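# Residue-level structure breakdown
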Amino acid sequence: MAERNPPFRCIISRSSLFCMLAIATFLFLFSWLSVLRSTSRPHFVDHSSLPNSKLFAVVEDGNSQPRNQDNIQPSIPKMSVSVDYEEEGPQVKELMKYNQNKVVLKVFMYDLSPEFHFGLLNWKPEGGSVWPDIKTKIPDYPGGLNLQHSIEYWLTLDLLSSTFPDSKGGRSAVRVHNSSEADVIFVPFFSSVSYNRYSRLQPHEKKNRNQLLQEKLVKFLTAQEEWKRSGGHDHIIMAHHPNSLLDARMMLWPAMFILADFGRYPPNIANVEKDVIAPYKHIIKTFVNDSSGFDDRQTLLYFQGAIYRKDGGFVRQELFYLLKDEKDVHFAFGSVSGDGINIASKGMHSSKFCLNIAGDTPSSNRLFDAIASHCVPVIISDEIELPYEDVLDYSEFCVFVRTSDAVQKNFLIKLIRSIKKEEWTQKWKRLKEIEKFFEFQYPSQEDDAVQMIWQAVARKVPSVRLKLHKSKRFSRHKGSRRKFNAITVPRNFG
Ligand SMILES: *[C@@H]1O[C@H](CO)[C@@H](O)[C@H](O)[C@H]1NC(C)=O
Ligand SMILES: *[C@@H]1O[C@H](CO)[C@@H](O)[C@H](O)[C@H]1NC(C)=O
């Protein structure tokens, strides 16, 4: 008798007809609700996985008021978060963009002796200062082909000027004088000019000046507090010329290198996870106010470069034999310098496509010459690593061809002739948009090569921090001492 469930009570009641009607209505309503719920569930799932979908936000807004009896639905709280996010979407994006531009890398720069930097440019220190007074006069970097590896000069100048009161916006790095407050530690060694100018042995010398400087640098760095506390992981060392830092690189490998490519590095010394690829400074003149469209550029394909005897030389010769009889192809050997720069500038400015073939290293300044000329680069270099490729899609303005394909008869020329005016013009327009990312200058401008390199360094900082923090895990105690206070729990927790 204790079980007095509703149906039983109904049967013994007098108006059983009414009771059955009530049950039927209840069952109908119940099944209708389940149908509603099961059809709306996929929407919830879709919505939470696609927070940007405006459609679902509208649907949910419309439904949220009448369907308040559905508040047991577990995905409702999640959903309202998504709706909020959707509404704030554009602002959040704006904020992120703002922050991206405003988060400034804090860089501590060693006051290295001038023999490592401006001294190599024949600057003489005055009044005991390590650095030239760049407000009055900026020492010149040697010209010609030296300039292609001059990142060391532009980055250092940018840091030196970063604390000037009239320092412009759009800055991605600022010099700090307290290394404990820095994100990274910058080593201002002009290693490329040191290699280019001082790696010849003088009479009666056992070691050239470039080698001696590297030895001195390793000794200096490994003795610094900053190096010891990080093991060098947060240090930035520039070695843009493939042969620069040849001796010291083996000792300084924990640092983040700024390089042209990894061609002459063992992968444990330098790799794309740890290091930053920087562009060459282009040698060809920038094509200012370029309005020369597809039809104005008479040469279809342009190549000017040296023949190397190593691997890359083979591909260059193969391509030469494949292309030499094509009328609208310019293919010439010889490196560009002196008046050749003017001739090559004219050549690249009047060509639709410019070839970049791996030489004895995977990279070369030709790619950056092509970009400055708005001549669509055709890249034949399987091992090439490109600057800022994590934020820049090169396929929008370049054509990539595998070496094994390029050396097949007619493959390359067919491919290039198949790219018609419309597609070419898109790439050309994109080239004009992105060329500033490859422009080195002082003072540096927003999003030019200098700032883009700093930003690339900044994107590596979290992984540097991860390494540092991991290395600290057991640094407090020697041996396997068990000590719980090594793990500190915040006192105000709960
Ligand atoms: C450098 O910064 C650290 C951390 O902020 C601080 O503890 C230290 O006192 C600073 N050193 C100097 C000389 O200001
Ligand atoms: C490019 O165009 C601008 C604006 O029309 C003009 O001021 C400038 O002198 C031009 N530069 C060259 C090199 O033609």
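Just so we're clear, the structure is a prediction, and the values are computed from it rather than from any experiment. (Residues numbered from 1 in each chain as written. Chains lettered and ligands numbered in written order. Predicted model: local features only at pLDDT ≥ 70, side-chain atom pairs only at ≥ 80, totals over all residues. Heavy atoms only, no water.)

## Side note on the site of ligand 1
As a reminder, the rule being used: A molecule or strand has a residue near it when one of that residue's heavy atoms lies within 4 Å. Side-chain atoms alone can form a polar contact between residues adjacent in sequence; in general such a contact is a pair of N or O atoms within 3.5 Å, and within protein one must be able to donate a hydrogen while the other accepts it. Using a 1.4 Å probe, accessible areas were evaluated by the Shrake-Rupley method; residue-level cover was limited to the displayed protein chains.
What surrounds ligand 1 is the set N178, S180 and E181. N178 is positioned with one of its side-chain polar atoms (N or O) 2.3 Å from an oxygen atom of ligand 1. The separation between an oxygen atom of ligand 1 and a polar side-chain atom of E181 is 3.4 Å. In isolation ligand 1 exposes 360 Å². Once the protein is present, 26% of that is buried.

## Considering the nonpolar core
Which entries qualify depends on this criterion: Definition of nonpolar core: a set of buried residues of the types Ala, Val, Leu, Ile, Met, Phe, Trp, Tyr and Cys, connected through side-chain atoms within 4.5 Å. Here's how the labels work: a residue is buried when its accessible area is under 20% of the maximum for its type, exposed when over 50%, partly exposed in between, all with a 1.4 Å probe on protein chains only. Only DSSP runs of H or I with at least four residues qualify as helices, and only runs of E with at least two residues qualify as strands; both kinds are numbered from the N terminus onward. Domain limits in this description derive from either an automatic procedure or a database domain assignment. Residue contacts are counted whenever heavy atoms from the two residues lie within 4.5 Å of one another.
In terms of nonpolar packing, the biggest core is built from 109 residues, with I258, F353 and L355 touching the most fellow members. The element that contributes the greatest number of residues to this core is helix α15 (residues 449-472), accounting for 10 residues. Each of domain 1 (105-281 + 444-471) and domain 2 (299-438) accounts for three or more of the residues forming this core. In this view, I258 contacts I151, L155, I236, I237, M238, A239, H240, V276, A278, I453 and V457; residues no more than four positions away in its chain are not counted. By size, the runner-up hydrophobic cluster in this structure holds seven residues, among which are I284, M348, C354 and A370.

## Here we look at the pairing of strand β9 (residues 351-357)
Side-chain positions along a regular strand alternate between the two faces of the sheet. Condition: Any two strands are treated as partners once DSSP identifies two or more bridges connecting them. When the strands point away from the viewer, a crossover counts as right-handed if the route from the first strand across the helix to the second turns clockwise.
Among the seven residues in β9, seven count as buried, and that is most of the element. The sheet contact formed by strand β7 (residues 299-305) and β9 spans three bridges and is parallel. If you follow L301 over to β9, its bridge partner there is F353. Pairing analysis gives five bridges linking β9 to strand β10 (residues 376-380), with the strands arranged parallel. Bridging from a neighbouring strand, N356 pairs with I379 of β10. Regarding topology, helix α11 (residues 366-373) serves as the crossover connection from β9 to the parallel β10, and that connection is right-handed.

## With respect to the sheet that holds strand β3 (residues 184-187)
Reading across the sheet, the six strands line up as β2-β1-β3-β4-β5-β6 and stay open at both edges, with parallel pairing between neighbours. The open sheet is flanked by β2 (173-175) and β6 (276-277), the only strands paired with a single partner. Relative to strand β4 (residues 235-238), β3 is paired through three bridges, and the arrangement is parallel. Each bridged residue has a counterpart across the sheet, and for V187 the counterpart in β4 is I237.

## Section: the pattern of salt bridges
As a reminder of what qualifies: What counts as a salt bridge is simple: a side-chain nitrogen of Lys or Arg found within 4 Å of a carboxyl oxygen of Asp or Glu.
As enumerated under the stated definition, the model contains 15 salt bridges in all. Linking E326 and R417 is a salt bridge whose minimum nitrogen-to-oxygen distance equals 3.0 Å. Of this pair, E326 sits in the loop between α9 (311-323) and β8 (329-333) while R417 sits in helix α13 (residues 411-417), placing them 91 residues apart in sequence. In this structure, the salt-bridge partner of R402 is D405, at a minimum N-O distance of 3.8 Å. Residue classification places R402 among the exposed positions, given a relative accessible area of 57%. For D405, a relative accessible area of 24% puts it in the partly exposed group. Several salt bridges converge on common partners, so that one network encompasses E326, D328 and R417.

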